[in-house]
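Here are the chains, one letter per residue:
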Amino acid sequence: MALTEKSRSALYTGFSELIDNEEAVQEMLSYFPARDVEEPVTKEFLRATLAETELRIITTLRSEISGQGSDLRSEISGQGSDLRSEISGQGSDLRSEINSLAAQLRSEMNDLAAQLRSEMNDLAAQLRSEMRRMVWINAATLTAFAGVIIAAVRL
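Now for a look at the structure at hand.

Reading guide: rules and limits
Residues numbered from 1 in each chain as written. Predicted model: local features only at pLDDT ≥ 70, side-chain atom pairs only at ≥ 80, totals over all residues. Heavy atoms only, no water. Helix = DSSP H or I, 4+ residues; strand = E, 2+ residues; numbered from the N terminus. Rg over C-alpha atoms; globule rule 2.2 N^0.38 Å. Buried < 20%, exposed > 50% of the residue type's maximum accessible area, 1.4 Å probe, protein only. Contact = heavy atoms within 4.5 Å. Areas by Shrake-Rupley, 256 points an atom, 1.4 Å probe, with all protein chains shown as cover. Lys, Arg positive; Asp, Glu negative; His and termini not counted. Charge placed at Lys NZ, Arg CZ, Asp CG, Glu CD. Patch = residues over 30% accessible without salt bridge, like charges linked within 9 Å, V, L, I, M, F, W, Y side chains within 5 Å. Salt bridge = Lys/Arg side-chain N within 4 Å of Asp/Glu carboxyl O. Axes fitted to C-alpha atoms, helices over the stretch in contact; angles between N-to-C directions. Left-handed = near helix turned anticlockwise from the far one by under 90°. Nonpolar A, V, L, I, M, F, W, Y, C, P; charged D, E, K, R; others polar.

### Let's talk about the overall build of the protein chain
Next up, step 1: Helices and strands together make up the secondary structure of the protein chain, namely three helices and zero strands.
Next up, step 2: For the protein chain, whose C-alpha radius of gyration is 59 Å, the value lies well above the compact-globule estimate of 15 Å for 155 residues.
Next up, step 3: By its C-alpha atoms, the protein chain is 185 × 35 × 20 Å across when sized along the principal axes.
Next up, step 4: Scored against the burial criterion, the 155 residues of the protein chain give a buried share of 6%.
Next up, step 5: Excluding contacts between residues fewer than 6 apart, the proportion of contacts in the protein chain whose partners are at least 24 apart in sequence is 43%.
Next up, step 6: Carbon and sulfur atoms provide 61% of the accessible area of the protein chain, an area that totals close to 13800 Å².
Next up, step 7: Taken as two groups, the 16 positive and 24 negative side-chain charges of the protein chain have centres that lie 24 Å from each other.

Dropping the structure here:
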């Protein structure tokens, strides 16, 4: 609590009579405020002020965090949309590439199948030709053997 000018003057006069040192009296009175503005801060006042300040800071931070959270959510949403459209575009590119490769593979398989059929037909024709030749050789051998047997019987 601040001392009034009248109280301050009375204390100064009283202490000056008791103490010869004027500086010591002034130093002692400097610990007592002369105005309300100079009053020392009480613990309760300091706690209340700190609580108010803390509440204001927390409220401000929450507001800022909420705003930044909204900004972040909208940015993530935008990035997600961009990513989905990019993946979709790449997906269609990939599908068309796979379809193209599948068509090439079918074409190559058809070419290989036709080539295999042609080679099998050639082998079948060679086999028939070889079998005819073997039949003729066997017939000629049997005829020759029959001639030898007939000649041996006649002898």
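From this point on, the discussion continues.
### Comments concerning a nonpolar patch on the surface
Next up, step 1: A cluster of nonpolar side chains, namely Val41, Phe45, Leu46 and Leu50, defines an oily patch on the protein surface of about 410 Å² accessible area.
Next up, step 2: In this structure, Phe45 sits in helix H3 (residues 43–154).

### Examining the pattern of salt bridges
Next up, step 1: One pass over the full model with this rule turns up one salt bridge.
Next up, step 2: Across the pair Glu130 and Arg133 runs a salt bridge, and its minimum N-O distance is 2.6 Å. You can see Glu130 and its partner Arg133 sitting in helix H3, three residues apart, about one turn around the helix.
Next up, step 3: According to the relative accessible area criterion, Glu130 is partly exposed, its value standing at 36%.

### Some remarks on the environment of Gly69
Next up, step 1: Structurally, Gly69 is set in helix H3.
Next up, step 2: For the pair formed by Gly69 and Gly14, sequence separation is 55 residues and the distance between their alpha carbons is 67 Å.

### So, the packing of helix H1 (residues 5–18) against helix H2 (residues 22–29)
Next up, step 1: As a packed pair, H1 and H2 sit with axes 10 Å apart at the nearest point and diverge in direction by 145°. The handedness of the crossing between H1 and H2 is right-handed. Contact residues: Arg8, Leu11, Tyr12, Phe15 and Ser16 in H1; Glu22, Val25, Gln26, Met28 and Leu29 in H2.
Next up, step 2: The residue inventory of the contact of H1 with H2, partitioned by class, reads six nonpolar, two polar and two charged.

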